[in-house]
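So the chains spell out like this:
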Amino acid sequence: MKKNNLYKGTLQNIILKLLSKEVKMYGYQITQRAKELTEGELEMTEGALYPLLHKLEADEIIKSEVQEINGRSRKYYLLTDKGKKQQITQEDEMRSYLFNLKTIFDI
């Protein structure tokens with residue numbers, strides 16, 4: 001993480017949201033997309049990303065598939081049906097949380 005520990009508690013939400021929009025992504029692609037969307041503010045480390053991806057896979061929220069790209073294996077992650085429902089639920093909770101934070105900080 002760069003600069004801001006507040007992102008740590010939202011990594012799962014971020015990963016699920018990115019996967020809901022991009023359909024399937026590999027680990028490095030997830031980190032780069034998050035960095036791009038936040039203009040460099042969010043830099044996910046491998047140490048933060050991969051344990052969470054493994055946990056989400058164990059919980060059947062995401063699944064992985066390996067594809068051969070230019071003679072190299074690349075592991076892609078995608079949402080399961082359970083993961084799609086989870087992503088919607090977590091996004092609703094996050095929107096409510098952000099609304100409440102905005103209300104508090106705008107006083």
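Worth saying up front: this structure is predicted, and the values here are computed from it rather than measured. (Residues numbered from 1 in each chain as written. Predicted model: local features only at pLDDT ≥ 70, side-chain atom pairs only at ≥ 80, totals over all residues. Heavy atoms only, no water.)

Things to note about the packing of aromatic side chains
Part 1 of the reasoning: Across all of its chains, the model carries one aromatic pair by this definition.
Part 2 of the reasoning: For the pair Tyr26 and Tyr76, a centre-to-centre distance of 5.6 Å together with 90° between the ring planes defines the contact as edge-to-face. Of this pair, Tyr26 sits in strand E1 (residues 24-26) while Tyr76 sits in strand E3 (residues 72-79), and the two are 50 residues apart along the sequence.
Part 3 of the reasoning: Classification of Tyr76 as buried rests on a relative accessible area of 10%.
Part 4 of the reasoning: Between Lys24 and the ring centre of Tyr76, over which it is positioned, the NZ or CZ distance is 5.1 Å.
Part 5 of the reasoning: Positioned over the ring face of Tyr26 is Arg74, at 3.9 Å from the centre of the ring. (Phe/Tyr/Trp six-rings, centres within 6.5 Å; stacked < 30°, edge-to-face > 60°. Helix = DSSP H or I, 4+ residues; strand = E, 2+ residues; numbered from the N terminus. Buried < 20%, exposed > 50% of the residue type's maximum accessible area, 1.4 Å probe, protein only. Lys NZ or Arg CZ within 6 Å of the ring centre and 35° of its normal.)

Remarks on the UniProt feature "domain: Transcription regulator PadR N-terminal" (unreviewed entry) in the chain
Part 1 of the reasoning: UniProt records the feature "domain: Transcription regulator PadR N-terminal" (unreviewed entry) at residues 15-86, using the numbering of this structure.
Part 2 of the reasoning: Helix makes up 53% of residues 15-86 and strand makes up 26%, while its end C-alpha atoms are separated by 12 Å. (UniProt positions renumbered as here; feature names shortened; annotations may be inferred.)

Topic: the pairing of strand E2 (residues 62-69)
Part 1 of the reasoning: Bridge count between E2 and E3: eight bridges; the pairing is antiparallel. When the bridges of E3 are listed, Val66 appears paired with Lys75.
Part 2 of the reasoning: The antiparallel hairpin formed by E2 and E3 contains two residues in its connecting segment, where Asn70 sits at a positive phi of about 50°. (Pairing = 2+ DSSP bridges.)

Topic: the packing of helix H1 (residues 11-22) against helix H2 (residues 27-37)
Part 1 of the reasoning: Contact geometry for H1 and H2: axes closest at 11 Å, N-to-C directions at 95°. On the basis of the axis angle, H1 is roughly perpendicular to H2. For the pair formed by H1 and H2, the contact residues are Ile14, Ile15, Leu18, Leu19 and Glu22 on the first element and Ile30, Arg33, Ala34 and Leu37 on the second.
Part 2 of the reasoning: Of the residues contributing to the contact of H1 with H2, the split by class is seven nonpolar, no polar and two charged. (Axes fitted to C-alpha atoms, helices over the stretch in contact; angles between N-to-C directions. Parallel < 35°, antiparallel > 145°, perpendicular 65-115°, else oblique. Contact = heavy atoms within 4.5 Å. Nonpolar A, V, L, I, M, F, W, Y, C, P; charged D, E, K, R; others polar.)

Things to note about the sheet that holds E3
Part 1 of the reasoning: Taking strand neighbours across the sheet as the criterion, the three strands line up as E1-E3-E2 in an open arrangement whose pairing is antiparallel. Whereas interior strands pair on both sides, the edge strands pair on one side only; in this sheet they are E1 and E2. Neighbour to neighbour, the strand axes of the sheet diverge by 35° on average, direction disregarded.
Part 2 of the reasoning: The strands touched by H1 are E1, E2 and E3; relative to E1, the strand with the most contacts, the crossing angle is about 125°.

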